[in-house]
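Here are the chains, one letter per residue:
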Amino acid sequence: MHKTTAFLKKNRWPLTGALLGALVFVVVYGVRVLDPTSVDWILNNPSPDPSQHYLGWAFFRSSPWRLPYLGANYSVVYPYRTSILFTDSIPLLALLCKLLSPVLPATFQYFGWWGLASYALQGGLAQAIVARLGGVKPGQTVRCWATVAAAGVLVLFPALTIRMFAHTALAANWLVLLAFWLWLRSDELLPRTGLACLAWGGMGLLCAGIHLYYLPMVGLVLVGYAVRRLVRRQGVAAALLPIPAFCAAALAELVLLGAFAANFAGYSNGYLSGADLLNLVVPGLAASWEQNIYMGAGAVLALVLAVAGVAAACARGRSAAVVSFVRRHRGWLGAGALVLVLDLAAAMGNEITLGGKTLITVNIPQVLMDLWSMFSSCARLAWLAGMVLALAACGVVLRVWGDRAAALLLTVCALVQAWSVGDELAKRFGEYHDPARYADQTLLTDPAWEQLAADGRFTHLAFASFDFEHDEFWDLAAFAADHGWTSNSFYMGHMDGNLAAVTLAGEMNELSSDTLYVFVDEDQLARQNFALHYYRLDGLLIGSVEPLELNLDPDPGTPAHAMDLRLADVTGGSMTAAGVELGSGGQMLTGAWMLFPGSYQVTLTGSGFDHSYIYARHGLINQETTTLDIEFTGIAPDTMTFTFTTGTPLFYWRVGVHTLDDIPLTVADIMVEKTG
């Protein structure tokens, strides 16, 4: 008891920062997300990513252990081996919970508690770092409260708010703070080389076991650690050996997780989504949501106050003190500046963009591009720079402003930071306090689904083609995971969609009696291609090799299905109640379908087709597409009909419509029929 009391007293201020982070989490997300048996709030997310994260774990839980790949998942894209790493399911927690699986509830999620821990760690570590940077002592109560206010700036860091329960593993910004704290206290905590290697090796394990994007960010902090030690001449071995320790630990874990033995995982997609560096301090400059690196108005205000405070100190004749401080800490400052420069260079990618304008594109060797584009969303790397700048700014405010002034100013910074992410916080508050979020909203309501699960004849669920952009897909995947079935299709990070599409189509050549086949959307056109008994549950077409005790779905003769125009890519037009309306120079490309061999008729209805160019094309992702040889059998301003025949599957088949002049046109409907 005495030791516990002493610990709490010694660490009361970091714990206060952690409490602040936890309170912000609970206020925004509520407590229902902390129920480990509640998963509907995850599956009801309009984004597929949270479903991917939870179901990746659910399939992994039922997958058999097969050495040496502890993180291998044999259930999610059966019968192939994938890795828990590529479903972004926080591999370390997935492994731990799989070991504990026999004592865990049948339905179990750890993402809610992970969110709470991430906010608490963000607040606690931020407080500790700011106190260190600001030279705050435990007995300085006012200054300590100022560090808690500064922690609020980091708790409300935009990247944390935006990523939580959207791309949940990427909400571990505390990993960067932990690395920075370890560096700042390395002289005390890591006096021996062996201890330093152990600590940084542990950081490598944490990064590889949470999300790969933290490897370069934490790795850059480690570079700062090494540079400072070299500058201080603390020994080459002491400075450099932690780097191979970090890399070796991460690499060994990735091997055990099956990262290099996974099917369908593309390790490089060949492009970089770089950051506009001005976006760090100016909102609204990001080219996409993925490239948003804004550090928040409160962090920017802290930066302004820090600069203003230093300038004011120099103006009051304290420039000598400032210079003296810089000289005493030049090792830290130089290494920190190097980390910032390297991080911002990595975050930019090979295009230097400022204020929305690309200044220069740097041609880099293909070998470097292949390595770099493993982290293709490289703008994320700028989170390191944003957090370091925010922490440093808060530390400077504490050093150059008076105690009460610093406490007041940092409190204002925290409030301004909350205001700058206020819309996002309000949106999430509304979503996660809505009872409907926690209700079972599955589209699979027919009791026959449970009868099929209880029957015992099925152990596998097979989708006819690779297409996960349907609500039904995730409900079906959840059904399979809940009942311990395997699935032949799933969505993974850096997934090789081409290989998956070709593989799934090929699997339909050999049908199995223990597999329930599902035909989602356009797959229904292919029902005549396979010798199956067909049934319909909740509007979904299912097939079985052996007959079931269900009512057979009538043979439609000529299967037909309408394309969902909401999934179309539209340029120079818009989606309206009447359909897709295209103006001068407008063009539309439908969502991608997979068509099995056969003859097809496509009918477009709308208006203005006598001023259009219509075509169909297909081709694998990032490869040359082929324009189909089609024959128009009906030509009218309000209806266009064309036919074609294919002897091989058509992957990522689309219909394109272009305007030819200033006459607008409308595409109200596109119906596809399989005529033979």
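Residues numbered from 1 in each chain as written. Predicted model: local features only at pLDDT ≥ 70, side-chain atom pairs only at ≥ 80, totals over all residues. Heavy atoms only, no water.

J.: Describe in detail the sheet that holds strand E8 (residues 533–537), supporting the description with residues and values.
T.: If you trace the five strands from one edge of the open sheet to the other, you get E6-E5-E7-E9-E8, paired in mixed fashion. Because the sheet does not close on itself, it has two edges, and the strands there are strand E6 (486–487) and E8. Two strands pair when backbone bridges link them, and strand E5 (residues 460–463) and strand E7 (residues 515–519) are joined in this way by four bridges, in the parallel orientation. Bridge pairing in E7 links Phe463 to Val518. (Pairing = 2+ DSSP bridges. Helix = DSSP H or I, 4+ residues; strand = E, 2+ residues; numbered from the N terminus.)

J.: Mind laying out the packing of aromatic side chains, listing which residues take part and the relevant values?
T.: Scanning the entire structure with this criterion turns up 36 aromatic pairs. Taken together, a centroid distance of 5.6 Å and an interplanar angle of 75° make the contact between Trp474 and Phe490 edge-to-face. Placement of the pair is Trp474 in helix H22 (residues 471–482) and Phe490 in the loop between E6 and helix H23 (497–507), with a sequence separation of 16 residues. Here Trp474 and Phe490 have matching classes, each one buried. Here the aromatic rings of Phe479 and Trp485 are separated by 5.2 Å at their centres, their planes lie at 80°, and the arrangement is edge-to-face. For the pair formed by Phe479 and Trp485, the shared burial category is buried. (Phe/Tyr/Trp six-rings, centres within 6.5 Å; stacked < 30°, edge-to-face > 60°. Buried < 20%, exposed > 50% of the residue type's maximum accessible area, 1.4 Å probe, protein only.)

J.: Outline unusual backbone geometry, listing residues and values.
T.: Note the cis peptide between Leu67 and Pro68, where omega equals 5°. With respect to the helices and strands, the residue Pro68 is situated in the loop between helix H4 (48–62) and strand E1 (72–73). With omega at 5°, the peptide bond leading from Tyr78 into Pro79 counts as cis. Looking at the element boundaries, Pro79 is found in the loop between E1 and strand E2 (82–83). The phi dihedral of Asp88 falls on the positive side, at around 55°, and the residue is not glycine. Relative to the helices and strands, Asp88 is located in the loop between E2 and helix H5 (91–99).

J.: Before we move on, could you go through the pairing of strand E14 (residues 598–607) and cite the residues and values that matter?
T.: As paired strands, E14 and strand E18 (residues 639–646) are joined by eight bridges and run antiparallel to one another. Paired with Ser599 across the strands is Thr645, a residue of E18. Two strands pair when backbone bridges link them, and E14 and strand E20 (residues 665–674) are joined in this way by eight bridges, in the antiparallel orientation. Along E20, the bridge assignment pairs Leu604 with Ile670.

J.: With reference to specific residues and values, describe the nonpolar core.
T.: Trp200, Trp449, Leu604, Phe644 and Trp653 are the most contacted members of the largest nonpolar core, which totals 215 residues. Here the element with the most residues in this core is helix H18 (residues 382–400); it accounts for 12 residues. Excluding its chain neighbours within four sequence positions, the residues that come into contact with Trp653 are Met563, Gly591, Ala592, Trp593, Leu595, Val602, Ala616, Arg617, His618, Leu628, Phe644 and Val672. (Core = buried A, V, L, I, M, F, W, Y, C linked by side-chain atoms within 4.5 Å. Contact = heavy atoms within 4.5 Å.)

J.: Hey, could you go over empty space enclosed by the protein for me, with residue numbers and the actual values?
T.: Over the atoms rolls a probe the size of a water molecule, and its path tells where empty space is left. Here the structure, examined in full by the defined rule, presents three cavities of 30 Å³ or more. Each pocket or cavity is described by its volume, and for the largest cavity that value is around 50 Å³. In terms of lining residues, the largest cavity is bounded by Ala159, Ile162, Arg163, Trp289, Glu290, Asn292 and Trp383. Looking at the lining of the largest cavity, the element that brings in the most residues is helix H8 (residues 158–163), giving three residues. Classifying every residue of the lining of the largest cavity by side-chain character gives four nonpolar, one polar and two charged. (1 Å grid on protein atoms, 1.4 Å probe; cavity = no way out; pocket = protein on both sides within 12 Å on 5 of 7 lines; lining within 4 Å. Points joined across faces, edges and corners; volume = space filled by probe spheres on them. Nonpolar A, V, L, I, M, F, W, Y, C, P; charged D, E, K, R; others polar.)

J.: Let's hear about the layout of surface pockets: which residues, and what values?
T.: Of the voids in this model, the second largest pocket is the one considered here, and its volume is about 1100 Å³. As for the second largest pocket, its lining consists of 33 residues, of which Leu133, Phe325, Leu333, Ala392 and Val396 are closest to the centre. Elements that contribute at least two residues to the lining of the second largest pocket include exactly helix H6 (111–133), helix H9 (174–184), helix H15 (297–328), helix H16 (330–348) and H18. When residues in the lining of the second largest pocket are grouped by element, the largest group, 11 residues, is from H15. Residue composition of the lining of the second largest pocket, grouped by class: 24 nonpolar, three polar and six charged.

J.: Could you give me a rundown of the pattern of salt bridges, with the residues and numbers involved?
T.: Under the definition given, this model contains 13 salt bridges. Residue Asp187 pairs with Arg228 through a salt bridge whose shortest N-O separation is 2.8 Å. In this pair, Asp187 sits in helix H10 (residues 186–189) while Arg228 sits in helix H12 (residues 214–231), placing the two residues 41 residues apart along the sequence. One salt bridge connects Arg457 with Asp455, and the closest N-O pair in it is separated by 2.7 Å. For Arg457, a relative accessible area of 31% gives the class partly exposed. Accessibility expressed as a relative area gives 41% for Asp455, which makes it partly exposed. Each of Arg132, Arg185 and Glu188 takes part in one network of salt bridges that share partners. (Salt bridge = Lys/Arg side-chain N within 4 Å of Asp/Glu carboxyl O.)

J.: Can you lay out the side chain of Thr161 for me, pointing to particular residues and giving the numbers?
T.: By secondary structure assignment, the location of Thr161 is in helix H8. Judged by relative accessible area, Thr161 falls into the buried class, the value being 1%. Apart from the residues within four sequence positions on either side, Thr161 is in contact with Tyr29, Tyr119, Leu156, Glu424, Leu425 and Arg428.

J.: Can you tell me about the packing of H16 against H18, naming the residues and giving the values?
T.: Helix packing for two helices is described by the angle between their axes and how far apart those axes are. Direction vectors running N to C along H16 and H18 enclose 145°, while the axes themselves pass 8 Å from each other. The interaxial crossing formed by H16 with H18 has left-handed handedness. Here Val339, Leu340, Asp343, Leu344 and Ala347 of H16 come into contact with H18, specifically with Ala382, Leu384, Ala385, Val388 and Leu389. The class makeup of the residues in the contact of H16 with H18 is nine nonpolar, no polar and one charged. (Axes fitted to C-alpha atoms, helices over the stretch in contact; angles between N-to-C directions. Left-handed = near helix turned anticlockwise from the far one by under 90°.)

Everything listed is a geometric property; what it means functionally is a separate question.
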